[in-house]
Amino acid sequence: MRKKKNSFIWNGNVRDAALSILLSVDQNQAYSNLLLNQTINKYQIEAKKRALLTELTYGTLQYKYTLDYYLEPFIRGKIDPWVRWLLRLSVYQIVYLSKIPEHAIVNEAVEIAKRRGHKGIASMVNGILRSILRMGIPSLDKIKDPIDRIAIETSHPRWIVEMFAEMYGLETTMDMLKANNLPPKQTVRVNTLKATVEEAIQLLADEDVQAVQSKVIPQCLYLLSGQAARTEAFKNGIITIQDESSMMPSIALNPKPGDRVLDLCAAPGGKTTHLAEIMKNEGSILATDIHPHKLDLIGENCARLGITIVDTAPIDGRKAAELLQPESFDAILVDAPCSGLGVIRRKPDIKYTKREEDFDRLHEIQTELLNNAVALLKPGGRLVYSTCTVNKKENEETVEALLASHPEMKLAPIQHLPVSLLEKQRNGMLQVFPQDFGSDGFFVALFEKAE
Ligand SMILES: C[S@@+](CC[C@H](N)C(=O)[O-])C[C@H]1O[C@@H](n2cnc3c(N)ncnc32)[C@H](O)[C@@H]1O
């Protein structure tokens, strides 16, 4: 009987589990973050193994091209994809994880190769890994072309490096792509309807979770221990799990208590609930999304946080102006679907699966969403456009398309954010890179409609 190389049942072996997740991401286009969370939750994997599983899965995926460069001189002929992933997983540990003894890495890999394949494959894996340990990995200094060097060193496709180098220069590109390989901080937003920042820190401390206030956004806490989703503070609606950059759009829009607000691409409601907190839960927010099933998440988040001013509706934002009353909202947020090139450190698969062709289609959708938002905005109203990407085609160029077709819309300087962020504004637009504050790459533009 053929052995199943990909089927996964948790057997307590972290490397086996990491290998199964990596294969599934590669072959079934599964999302690494979702699959990892599902595996951890389904098998209730304990904290220490959970940390190692996360490190091995993300690390190996993040450094896929770098690991292939290191492996290349040692591999003769074609090898099965699962064997290549096993080798990448092992070389990742050899190169990047100093605490794991080298003989243990090799032994584990050989055992997995035996279980999933046969003795012949196990002996090949053994041979390759022992050669690497004996001879060392090839130096990156051999790569002379600067674009190739960044592509291999940070493990990003060449076209992404080229594109960013053209947009931002080589130095910023290198910094950004290096930051894409760092683990994200665990950050939460304090629900100011229920607690002050100090009270939230104390409530978390009561549960042995150490939290410190961010120096960038005051409502943002960094969790230095524990798991936010498992805390009573989370269950009781004191905190929301959210990246610090994602807190910028709602603050930039700054709706007033009593306003009528539209959040056009709202699910799962991270920013809708933030808007409601800023509005002190007074006024009304219509939260719409094209996917009806995702709207339940907004309802659940509002219930947990004690927010009562949000209504939800399944609406394709590209047709919203036909369905809702024109010029009826004081403030509108368009947190648009985008390429996600700012969140690669959370979703490393993005860098391998995105295609340049996707950008034109996204730019078109973003422009259509904004056109609808403009039609729904009251004269004198405010509109925020945000994305979690660092791609000018979807950011600056989308803003320019809006300004070109709507003379009644003007960019307005963003206020209310801390100076460290505001001084990054260029021409009324704010682009944050992952290397700036250790938060996601994010873009925010604020518009005002003429009276
Ligand atoms: C970046 S996410 C929004 C995240 C959300 N604002 C938050 O903070 O939790 C973009 C959302 O746009 C939705 N979407 C995609 N196309 C849409 C469309 N044509 N109309 C409305 N929503 C759309 C997606 O379902 C997705 O939930």
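It should be emphasised that the depicted structure is a prediction, and the values quoted were computed from it without experimental measurement. (Residues numbered from 1 in each chain as written. Predicted model: local features only at pLDDT ≥ 70, side-chain atom pairs only at ≥ 80, totals over all residues.)

Time to look at the overall build of the chain. Scanning the chain for helices and strands turns up 21 helices and 13 strands. Against the 2.2 N^0.38 benchmark of 22 Å for 451 residues, the chain shows a C-alpha radius of gyration of 24 Å, consistent with a compact globule. With respect to the principal axes defined by its C-alpha atoms, the chain has extents near 75 × 50 × 45 Å. Expressed as a percentage of its 451 residues, the buried residues of the chain come to 45%. Restricting the contact set of the chain to residue pairs at least 6 apart, pairs at least 24 apart contribute 72%. (Helix = DSSP H or I, 4+ residues; strand = E, 2+ residues; numbered from the N terminus. Rg over C-alpha atoms; globule rule 2.2 N^0.38 Å. Buried ≥ 20, exposed ≤ 12 C-beta atoms within 10 Å, placed from the backbone. Contact = placed C-beta atoms within 7 Å.)

Close to the ligand lie 17 residues, the nearest being Cys 265, Gly 270, Lys 271, Gly 317 and Asp 335. Along the lines of polarity and charge, the residues of the shell around the ligand split into 6 nonpolar, 5 polar and 6 charged. (Near = placed C-beta within 6 Å. Nonpolar A, V, L, I, M, F, W, Y, C, P; charged D, E, K, R; others polar.)

As a further point, take the UniProt feature "binding site: S-adenosyl-L-methionine" (unreviewed entry) in the chain. The positions that UniProt labels "binding site: S-adenosyl-L-methionine" (unreviewed entry) are, in the present scheme, Cys 265, Ala 266, Ala 267, Pro 268, Gly 269, Gly 270, Lys 271, Asp 289, Asp 316 and Asp 335. Relative to the helices and strands, Ala 266 is located in the loop between strand S5 (260-263) and helix H14 (270-278). Judged by C-beta crowding, with 28 C-beta atoms within 10 Å, Ala 266 ranks as buried. Ignoring sequence-local partners within four residues, the contact set of Ala 266 consists of Thr 272, Ala 287, Thr 288, Asp 289 and Ile 298. Sequence-distant contacts of Lys 271, defined by excluding residues within four places in its chain, comprise Ser 246, Pro 249, Ser 250, Asp 263, Leu 333 and Asp 335. (UniProt positions renumbered as here; feature names shortened; annotations may be inferred.)

Now for helix H19 (residues 396-405). Within H19, burial applies to Thr 398, Val 399 and Leu 402. Buried residues along H19 cover an arc of 100° about the axis, so they all sit on one side. (Arc of directions from axis to C-beta.)

Once that is clear, we can look at the domain arrangement of the chain. Once the domains are mapped, the chain shows domain 1 (14-138), domain 2 (142-179), domain 3 (186-241) and domain 4 (245-449). Taking only C-alpha atoms, the centre of domain 2 and the centre of domain 4 are 29 Å apart. Contributions of two or more residues to the side of domain 2 that touches domain 4 are made by helix H9 (158-168) and helix H10 (170-179). Of the residues in the side of domain 2 that touches domain 4, the class split is 6 nonpolar, 1 polar and 1 charged. (Domains from an automatic or database assignment.)

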